[in-house]
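Close look at the chain arrangement
Each chain, letter by letter, is given below.
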Amino acid sequence: MNKIQPKTLFVGKNIVYLPTCHSTNDIASEKIQNGEGIDGTIVITDHQTSGRGQRGNTWEALKAQNITMSLILKPSFLRPSEQFDLSMAVSTGIYQFFKANGTEGVSIKWPNDIYINDKKAGGILIESTISGNSLNYSVIGIGLNINQNSFSNPRATSLSVENGGGEMPLDRLVEQLCFYLETAYLSLKNGHKDEIKKKYLEIMFRAGRLSRFKDESGTFLGTIRGIDPAGKLIVEGEIAEKSYDIKEIEYLFD
Ligand code: BTN
C-alpha cells in the first residue's frame, strides 16, 4: 500500500499507511486535530481492529483482502445543510469504480451502501466538522469488499465473488478508486450538484420499484420516489408519501 501512485491532482497524493489500526476514520480525525489534515490525504490499513459503521454498527473485514481507508477532504464550499450532496458525490464515484471493474448489478442503497444485486459489497461513513456556515473537514470512511469470499452475513458479497472469483490487485484498485473519488468530488466542487443527484437517483437500489419496508408503524409496501434536500428518503406508501431519516426506515428482504 506504500506504493500507491494514483493519477490524480490531490486525492491519494499524501498517504498514511498503517499495517494495523483501530479505525482509519479515527486516525484521520486525529490527524485533522493535530493540524495534519492535508486535503486529499488517505489513511489506509490492511487490518482494522475496531472499524465503525453507520448507525453505531461495527465494520468487519478480513485482513489484507479488502479496501479499508479514509479520505480527508476540506469541502468548505458546502454549507452544513448540503452534506448529503457530498455523500451522493462519493457514492456515485464508488459506483463508477465498481462499474469500471466489470461488475453488473451495482447500485447504491440509500444513503450510501454499495450493493451488487441484492448483497452489500461496501459501506461509507462520512464524518464532518463544521466551521461557521460551512463544512470544515470531512472524513470519508470507505470499506469495500474486494477479495474476501466468505462472510458471516449471508447478505454480503465482494467484487471478486461477483466477478466469478480470482484475486484482484488491491494497490491498483486503490489508485483507481482515488481517481473516481476525485472526479466525483471535483464535479461537485465545480457546481454539478444537479447532475450528481440525477445520477444518484438513477443508480439507487430499488428506486421506483414497489418493495417492502418497515417503519415505526410496521411493515408496508412502498416505492422510493426520491431524496429531499436534507437527504431524507422519500417513500410513497400505501396511504401517503413520507420522508425518512436513516434510523426511521428499514429495507426488508424476502
Ligand atoms: C457502513 O456501511 O456501515 C459504513 C461502513 C464504513 C466502514 C469504513 S472502513 C474504513 C473507515 N473506518 C471506519 O472505522 N469505518 C470506515
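Since we're looking at a predicted model, the values are computed, not measured. (Residues numbered from 1 in each chain as written. Predicted model: local features only at pLDDT ≥ 70, side-chain atom pairs only at ≥ 80, totals over all residues. Heavy atoms only, no water.)

Let's shift gears to helix α1 (residues 24–33). Among the residues making up α1, those that are buried are T24, N25, I27, A28 and I32. The buried residues of α1 occupy one face: seen down the axis, they fall within an arc of 165°. The inward-facing, buried residues of α1 abut β1 (15–21), β2 (42–48), β3 (67–73), β6 (119–131) and β7 (134–144). Positive backbone phi, at 75°, marks G35, one or two positions downstream of α1. (Buried < 20%, exposed > 50% of the residue type's maximum accessible area, 1.4 Å probe, protein only. Helix = DSSP H or I, 4+ residues; strand = E, 2+ residues; numbered from the N terminus. Arc of directions from axis to C-beta. Contact = heavy atoms within 4.5 Å.)

Spatially, β1-β2-β3-β7-β6-β5-β4 is the arrangement adopted by the seven strands of the open sheet, whose pairing is mixed. The open sheet is flanked by β1 and β4 (106–109), the only strands paired with a single partner. Strand-to-strand twist in this sheet, taken as the mean axis angle between neighbours without regard to direction, amounts to 20°. Examined bridge by bridge, β2 and β3 share four bridges and lie antiparallel to one another. Counterpart to I42 in the pairing with β3 is L71. Against the sheet, α1 contacts β1, β2, β3, β6 and β7, and its axis sits at roughly 25° relative to β3. (Pairing = 2+ DSSP bridges. Axes fitted to C-alpha atoms, helices over the stretch in contact; angles between N-to-C directions.)

Right, let's get into the domain arrangement of the chain. Per the domain assignment, the segments making up the chain are domain 1 (15–202) and domain 2 (210–251). Taking the mean C-alpha position of each, domain 1 and domain 2 sit 24 Å from one another. Contact with domain 1, which involves ten residues of that partner, is made by 14 residues of domain 2. At the boundary of domain 1 with domain 2, total buried surface from both sides reaches about 950 Å², with 70% on carbon and sulfur atoms. On inspection of domain 1 and its partner domain 2, the count reaches zero salt bridges. Counting every contact that joins domain 1 to domain 2 gives three residue pairs in polar contact (both at pLDDT 80 or more). In terms of residues, the side of domain 1 that touches domain 2 owes the most to one element, helix α5 (residues 193–202), which gives three residues. Tallied by class, residues from the side of domain 1 that touches domain 2 come to five nonpolar, two polar and three charged. (Domains from an automatic or database assignment. Buried area = accessible area lost by both parts, 1.4 Å probe. Salt bridge = Lys/Arg side-chain N within 4 Å of Asp/Glu carboxyl O. Polar contact = N/O pair within 3.5 Å; in protein donor to acceptor, adjacent residues only side chain to side chain. Nonpolar A, V, L, I, M, F, W, Y, C, P; charged D, E, K, R; others polar.)

Below, the discussion takes up the pattern of salt bridges. Here the structure, examined in full by the defined rule, presents 14 salt bridges. Among the salt bridges present, the one from R79 reaches E82, with a minimum N-O distance of 3.3 Å. On the accessibility criterion, R79 (43% relative accessible area) is partly exposed. Linking D215 and K242 is a salt bridge whose minimum nitrogen-to-oxygen distance equals 4.0 Å. Taken as a pair, D215 in strand β8 (residues 211–215) and K242 in strand β11 (residues 241–244) lie far apart in primary sequence, 27 residues in all.

Bridging between β1 and β2 involves six bridges; their strand directions are parallel. Directly across from V16, in β2, lies its bridge partner V43. Traced from β1 through α1 to β2, the parallel crossover comes out right-handed. (Right-handed = clockwise from strand over helix to strand, strands pointing away.)

Turning our eyes to something else, we now look at the layout of surface pockets. Roughly 940 Å³ of internal volume is contained in the largest pocket. Mapped by element, the contributors of at least two residues to the lining of the largest pocket are α1, β3, β5 (113–116), β6, β7 and β12 (250–251). Partitioning the lining of the largest pocket into residue classes produces 16 nonpolar, 19 polar and eight charged. Here the second largest pocket is characterised by a volume of approximately 530 Å³. Forming the boundary of the second largest pocket are 24 residues, of which Q83, F84, S87, P111 and I126 lie nearest the centre. (1 Å grid on protein atoms, 1.4 Å probe; cavity = no way out; pocket = protein on both sides within 12 Å on 5 of 7 lines; lining within 4 Å. Points joined across faces, edges and corners; volume = space filled by probe spheres on them.)

What follows deals with the site of the ligand. Taken together, 20 residues are adjacent to the ligand, and S23, Q48, R52, Q54 and K120 come closest. In the environment of the ligand, an oxygen atom lies 2.7 Å from a nitrogen or oxygen atom belonging to the backbone of Q54. Between K120 and the ligand, the recorded distance is 2.6 Å, taken from a side-chain N or O atom to an oxygen atom. If the ligand stood free it would expose 420 Å²; the protein chains cover 98% of that surface. The cavity where the ligand resides is the largest pocket. Listed by contribution, the elements that provide at least two residues to the shell around the ligand are α1, β3, β6 and β7. Each residue belonging to the shell around the ligand can be placed in one class, and the counts come to five nonpolar, twelve polar and three charged. (Near = heavy atom within 4 Å. Areas by Shrake-Rupley, 256 points an atom, 1.4 Å probe, with all protein chains shown as cover. Sits in = over half its atoms within 2 Å of the grid points.)

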